[in-house]
Amino acid sequence: MKTSILTLFTCIAICSCNAPKEKVVYTKDFLSENPKWQISNNTTNKEFEIGFEDRKEPMKISWTTAKDQTGCLRIASLTLENVNSKSQLKIENIKTSKLECAMKFDSPDTTRFETLIVSADYSTFKNIKEYTYRGPIITIMGNGESKVTKE
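Residues numbered from 1 in each chain as written. Predicted model: local features only at pLDDT ≥ 70, side-chain atom pairs only at ≥ 80, totals over all residues. Heavy atoms only, no water.

**Section: the side chain of Glu114**
Using the following cut-off: Secondary structure elements follow DSSP: runs of H or I no shorter than four residues count as helices, runs of E no shorter than two count as strands, and numbering proceeds from the N terminus. Residue exposure (1.4 Å probe, protein chains only): buried if accessible area is under 20% of the type maximum, exposed if over 50%, otherwise partly exposed. Only heavy atoms matter for contacts: two residues are in contact if any of them lie within 4.5 Å across the pair.
Structurally, the position occupied by Glu114 is in strand S6 (residues 113–126). The class of Glu114 is buried, set by a relative accessible area of 0%. For Glu114, the residues in contact, after removing those within four places along its chain, are Cys72, Leu73, Arg74, Ile75, Lys98, Leu99, Cys101, Ile140, Met141 and Gly142.

If you want it as structure tokens, here you go:
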């Protein structure tokens, strides 16, 4: 009896470790919270890497923009995906924080746009040591630009 229970738990552990991971790790629809915004149908896709020295994983971030009542380009929706389905990186507690509309510094372009900072906790194991990070990973802007915060 003990052997069969041990075998069952071993099978469950093996199956859960090899289960395919979800590609989409975060999605947010800001447009539903702001129905007066006018969707612009501009979608921006960027690939970047996060992780630790020799344990970097490719990520993809996509966002659409919309104009608010003042003409500011806002982030209407956001999707963060793990490109590698066999990633060893555990990503959780994803949060966003907005910076108010502004223009690009020292630019003749007078387009006002919102900036959104995406933060997360992520971790991975290497041998028996766990590596962890908590903080901003990428900054995206309504004008289509982005900046990786943590590489």
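Next comes the rest of the description.
**Thoughts on the nonpolar core**
To be explicit about the condition: Nonpolar cores were defined as sets of buried Ala, Val, Leu, Ile, Met, Phe, Trp, Tyr and Cys residues, with membership established by side-chain atoms within 4.5 Å.
Ile61, Leu78 and Ile137 are the most contacted members of the largest nonpolar core, which totals 25 residues. Contributions of two or more residues to this core are made by strand S2 (38–52), strand S3 (55–67), strand S4 (73–82), strand S5 (90–102), S6 and strand S7 (129–141). Every residue in contact with Ile61, bar those within four places of it in the chain, is listed here: Thr44, Asn45, Lys46, Phe48, Leu78, Thr79, Leu80, Val118, Ile138 and Ile140.

**Concerning the pattern of salt bridges**
To be explicit about the condition: Salt-bridge detection follows one rule: a side-chain nitrogen of Lys or Arg within 4 Å of a carboxyl oxygen of Asp or Glu.
Summed over the entire model, instances satisfying the criterion amount to 8 salt bridges. Glu114 is the salt-bridge partner of Lys98, the closest N and O atoms lying 3.8 Å from each other. Of this pair, Lys98 sits in strand S5 while Glu114 sits in strand S6, placing them 16 residues apart in sequence. Across the salt bridge formed by Glu145 and Lys104, the nearest N and O atoms sit 2.7 Å from each other. Placement of the pair is Glu145 in the loop between S7 and strand S8 (146–148) and Lys104 in the loop between S5 and S6, with a sequence separation of 41 residues. Connected through shared salt-bridge partners, Asp68, Arg74, Lys98, Glu100 and Glu114 make up one network.

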